[in-house]
Structure formats: C-alpha cells, structure tokens
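Okay, here's what each chain looks like letter by letter:
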Amino acid sequence: GKMAACLVAPEDPLVLVEAWTANLLPRGDVPTFVALLSAFLAQARRNQEHDPAWSGVFGKLQRLRQTFWGCADMKLGSWMIQPLLLWLGPAQASVAHIVEHTDVAAGHFCKELLRVDELLRQMRDAADIAGDPDLAAMSDAGRDALVRGLPFTPSFFLR
C-alpha cells in the first residue's frame, strides 16, 4: 500500500506494485524493465502488436491486470515498448531513428520519455519507503540509461 501511494504517474499503480512484488517485471535487464514500465503509462491501441521477444512477459502483465480487476477490457499499452528498447539498447538509437523505424511521432516519443523518467523517480521513492533496494537500484539504473539526448535538453524558453 505504501508503494502504490507514491505512484501517481501510472494509470494503475496497484497492478504495477503487484507486478513488481510478484517478480513479473525483469530485475536484471534495465532496458526491458524500463520498456515494460511504459505499458503502465501508455493507453492500449486498437491494433498494437507484440514482439515475440517480450510478449511472454507482457502477456503475464496483461493477465495480472485483467485478473486483478476482473475485467477483460483492462488492457495495457504496448506501443512504447519497442521504441524504448531501441532508445535504451546497446545502439542507443536516436529520436530520428526511432521515428523512422516505429509508428511513434517525435513529440509523442519525447513526451513519453519524460513520463517514464517521472515514473522511475516515483518508483525510486516507493522503493525507499518500502525498503526495497532492488527496486531502488533498477529505478536508478533506468533513469541513468534513459536521460540523454533531445528530450532532456533544457528549453531556451525557460531561461
């Protein structure tokens, strides 16, 4: 309960906390951890497709949410998973590359990166309250990997 109270960014903080405590979110692979967190921020799209590489974990998260709420219509959004894997992966793809190779617009991608960064910050706070050093470490590593490039350049209009 204390962890969920710290999470205001995701649409469904209760299922997110349950997914972490049930070990459904990966603990050793930072890019996959961060990319799957985006499913708790992104609205499900009608024809969203699942990459076989991560569809098993995403399917478990989807079933957890549907079971938790008792409603088959409760779907997580998967459209940011692949762009985030490209952003966080070893090649560290640019925004231009991601826009060219996925169906995500540049503005949406930059906005979603900022939302994921905020979720990771909130998860770090939740980890501190719950005394969960594994979650704290994953959240810190995720933020370190995420924060780079165009979306995190300070605006000249704010000076």
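Right, let's walk through the structure included here. Because the structure is predicted, anything quoted here is derived from the model rather than measured.

Definitions and cut-offs
- Residues numbered from 1 in each chain as written.
- Predicted model: local features only at pLDDT ≥ 70, side-chain atom pairs only at ≥ 80, totals over all residues.
- Heavy atoms only, no water.
- Helix = DSSP H or I, 4+ residues; strand = E, 2+ residues; numbered from the N terminus.
- Buried < 20%, exposed > 50% of the residue type's maximum accessible area, 1.4 Å probe, protein only.
- Contact = heavy atoms within 4.5 Å.
- Areas by Shrake-Rupley, 256 points an atom, 1.4 Å probe, with all protein chains shown as cover.
- Salt bridge = Lys/Arg side-chain N within 4 Å of Asp/Glu carboxyl O.
- Core = buried A, V, L, I, M, F, W, Y, C linked by side-chain atoms within 4.5 Å.
- Arc of directions from axis to C-beta.

## Digging into the overall build of the protein chain
Step number 1: For the protein chain, the count of helices and strands is eight helices and zero strands.
Step number 2: If you list the helices and strands of the protein chain from N to C, you get α-α-α-α-α-α-α-α.
Step number 3: Across the 159 residues of the protein chain, 45% fall into the buried class.
Step number 4: Sequence-distant contacts in the protein chain: of pairs separated by 6 or more residues, those separated by 24 or more amount to 67%.
Step number 5: When the accessible surface of the protein chain is split by element, carbon and sulfur atoms take 56% of a total near 8300 Å².

## Let's talk about the environment of Val8
Step number 1: Note that Val8 resides in the loop between helix H1 (2-6) and helix H2 (13-21).
Step number 2: Judged by relative accessible area, which is 65%, Val8 ranks as exposed.
Step number 3: Spatially, the C-alpha atom of Val8 lies 8.0 Å from that of Leu119, the residues being 111 residues apart in sequence.

## A short note on the pattern of salt bridges
Step number 1: Enumeration according to the criterion identifies ten salt bridges in this entry.
Step number 2: Arg115 is the partner of Glu112 in a salt bridge, and the nearest nitrogen-oxygen pair spans 3.1 Å. Taken together, the residues Glu112 and Arg115, both in helix H7 (residues 106-130) and three residues apart, mark about one turn of the helix.
Step number 3: Overall, the relative accessible area of 4% leaves Glu112 in the buried class.
Step number 4: Arg115 gets classed as partly exposed once you look at its relative accessible area, which sits at 29%.

## A short note on the nonpolar core
Step number 1: With 48 residues, the main nonpolar core has Leu25, Phe33 and Leu146 as its most contacted residues.
Step number 2: Of all elements in the fold, only H1, H2, helix H3 (30-37), helix H4 (52-69), helix H5 (81-88), helix H6 (95-101), H7 and helix H8 (133-146) reach the threshold of two or more residues within this core.
Step number 3: With nine residues, H7 is the largest single contributor of residues to this core.
Step number 4: Apart from residues no more than four positions distant in its own chain, Leu146 is found in contact with Val34, Leu84, Trp87, Leu88, Leu113, Val116, Asp117, Leu120 and Phe152.

## What about the environment of Val15?
Step number 1: With respect to the helices and strands, the residue Val15 is situated in helix H2.
Step number 2: Judged by relative accessible area, Val15 falls into the buried class, the value being 0%.
Step number 3: On a C-alpha basis, the gap between Val15 and Gln62 in space is 9.7 Å, while along the polypeptide they are 47 residues apart.
Step number 4: Not counting residues within four places of it along the chain, the set of residues in contact with Val15 comprises Phe40, Leu64, Arg65, Phe68 and Trp69.

## Some thoughts on H2
Step number 1: All of the buried residues along H2 are Pro13, Val15, Leu16, Val17, Ala19 and Trp20.
Step number 2: After H2 finishes, the residue Asn23 shows a positive phi value of roughly 60°.

## Some words on H5
Step number 1: Within the span of H5, buried status applies to Ile81, Pro83, Leu84, Trp87 and Leu88. For H5, the angular spread of buried residues about the axis comes to 160°, placing them on one side.

## Thoughts on unusual backbone geometry
Step number 1: Residues other than glycine seldom take positive phi values, yet Asn23 does so here, at roughly 60°.
Step number 2: Assignment of secondary structure puts Asn23 in the loop between H2 and H3.
Step number 3: Its identity as a non-glycine residue notwithstanding, Gln92 has a phi of 45°, on the positive side.
Step number 4: Mapped onto the secondary structure, Gln92 falls in the loop between H5 and H6.
Step number 5: Judged by relative accessible area, which is 44%, Gln92 ranks as partly exposed.

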